[in-house]
Amino acid sequence: DTFDLESRGAESEWVTFYDNEIFIGAGGEETVGCLINVPEDADDGNAYIEIWATSRNDQDKYDDKAIKVIVEELETGATLTRTSVGLKTIAPGLSDVFEYTLLSDGNSNQEFDITFGGDAAGWATSSITEVELGPGDGTEFVVTVVIPEGTAEATYRLEVLVMSGEEEFAKSVNNVVVQEAFE
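Residues numbered from 1 in each chain as written. Predicted model: local features only at pLDDT ≥ 70, side-chain atom pairs only at ≥ 80, totals over all residues. Heavy atoms only, no water.

Caption draft 1: Examining the pattern of salt bridges more closely. Scanning all chains against the criterion turns up five salt bridges. With a shortest N-O distance of 2.8 Å, Asp4 and Arg56 are connected by a salt bridge. One end of the pair, Asp4, is in strand β1 (residues 2-8); the other, Arg56, is in the loop between β5 (45-55) and β6 (62-71), and 52 residues separate them in sequence. For Asp4, a relative accessible area of 30% puts it in the partly exposed group. Where Arg157 meets Glu159, a salt bridge forms, and the shortest distance between an N and an O atom there is 2.8 Å. Three or more residues joined by partner-sharing salt bridges are found here, namely Asp4, Glu21 and Arg56. (Salt bridge = Lys/Arg side-chain N within 4 Å of Asp/Glu carboxyl O. Helix = DSSP H or I, 4+ residues; strand = E, 2+ residues; numbered from the N terminus. Buried < 20%, exposed > 50% of the residue type's maximum accessible area, 1.4 Å probe, protein only.)

Caption draft 2: The nonpolar core, seen in detail. Counting 26 residues, the largest nonpolar core has Leu102, Phe141, Val145, Leu158, Val162 and Val176 as the members making the most contacts within it. Setting aside its immediate chain neighbours within four residues, Phe141 contacts Leu80, Phe98, Glu99, Tyr100, Leu102, Ile114, Ser126, Ser127, Ile128 and Val160. In terms of nonpolar packing, the next biggest core, distinct from the first, is built from 14 residues, Leu5, Ile22, Ile49 and Val71 among them. (Core = buried A, V, L, I, M, F, W, Y, C linked by side-chain atoms within 4.5 Å. Contact = heavy atoms within 4.5 Å.)

Caption draft 3: Summary view of the layout of surface pockets. The computed volume of the largest pocket comes to approximately 340 Å³. Residue lining of the largest pocket: 17 residues in total, with Glu30, Val32, Ala53, Asp63 and Lys65 positioned closest to the centre. Those elements that place two or more of their residues in the lining of the largest pocket are β1, β5 and β6. Considering every element that reaches the lining of the largest pocket, the biggest residue donor is β6, with five residues. In this structure, the second largest pocket occupies an estimated 180 Å³ of space. Val38, Pro39, Glu40, Ala42, Asp44, Ile70, Val71, Glu72, Glu73 and Leu74 together form the lining of the second largest pocket. (1 Å grid on protein atoms, 1.4 Å probe; cavity = no way out; pocket = protein on both sides within 12 Å on 5 of 7 lines; lining within 4 Å. Points joined across faces, edges and corners; volume = space filled by probe spheres on them.)

Caption draft 4: Spotlight on the sheet that holds strand β8 (residues 87-90). In space, the five strands of this open sheet follow the order β8-β15-β14-β10-β12, with mixed pairing throughout. Strands with a single pairing partner mark the edges of an open sheet, and in this sheet they are β8 and β12 (130-133). Each strand axis lies, on average, 30 degrees off the axis of its neighbour in the sheet, ignoring direction. The pairing of β8 with strand β15 (residues 167-178) spans four bridges and is classified as parallel. Pairing of Leu87 across the sheet is with Asn175, part of β15. (Pairing = 2+ DSSP bridges. Axes fitted to C-alpha atoms, helices over the stretch in contact; angles between N-to-C directions.)

Caption draft 5: Here's a closer look at the side chain of Asn174. Note that Asn174 resides in strand β15. Take Asn174: its relative accessible area is 0%, and that puts it in the buried class. A polar contact of 3.4 Å, which involves the side chain of Asn174, links it to the backbone oxygen of Ser172. (Polar contact = N/O pair within 3.5 Å; in protein donor to acceptor, adjacent residues only side chain to side chain.)

Caption draft 6: Just the environment of Tyr18, in detail. Checked against the element boundaries, Tyr18 lands in the loop between β2 (15-17) and β3 (21-23). It is 20 Å that separates the C-alpha atoms of Tyr18 and Tyr48, two residues lying 30 residues apart in sequence. Once residues lying within four places of it in the same chain are set aside, the contact partners of Tyr18 are Gly33, Cys34 and Leu35.

Caption draft 7: View of the packing of aromatic side chains. For the structure shown, the criterion picks out four aromatic pairs. Their ring planes at 80 degrees and their centres at 5.7 Å tell us that Phe112 and Phe169 sit as a pair that is edge-to-face. Placement of Phe112 in strand β10 (residues 110-117) and of Phe169 in strand β15 is noted, with a sequence separation of 57 residues between them. On the basis of relative accessible area, Phe112 is assigned to the buried category, the value being 0%. Overall, Phe169 belongs to the buried group, its relative accessible area being 18%. Taking 4.8 Å as the distance between ring centres and 70 degrees as the angle between the ring planes, the aromatic pair formed by Trp123 and Tyr156 counts as edge-to-face. Of this pair, Trp123 sits in the loop between β10 and β11 (124-126) while Tyr156 sits in strand β14 (residues 154-164), and the two are 33 residues apart along the sequence. Its relative accessible area of 17% is what places Trp123 among the buried residues. Residue classification places Tyr156 among the buried positions, given a relative accessible area of 15%. (Phe/Tyr/Trp six-rings, centres within 6.5 Å; stacked < 30°, edge-to-face > 60°.)

Without other data, these values stay purely geometric and don't point to any function.
Structure below.
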């Protein structure tokens, strides 16, 4: 017999079945796959989704199960720790690196972009520019600063920013002192 699948209840729109119908032979059983996508504005707590399989041949033949979904508030965030010194003296034409550890503070997978701000932003490159981290995951990366020839001696600010879309999650402020090498 062929059965149609549907979800019922207030949260039925959360459910997407991989296949909306299944065929079950006499005495058989079948596993049904679906994706449950909880909206960002869902209230915390328990939600119950009813899954129904109804026979196409006889509407009185059906089976239903309730699935309990525990909804937790989405937590996001990141911690950026500089593991090297935050003040570097670099001569024009040379380079140096700042080292970092990035940790996810969220309770779901998050995508982060590494960007730069400040006077020295144009001189910086990162060993990673984007990363996806799961809950509690972390990664290390290096920011290389190359001082162009002819740069005036001064102290320049370099901001290393951890972004998710337009939202800033973490920032590290560094100073780059451009100074000719002494002999």
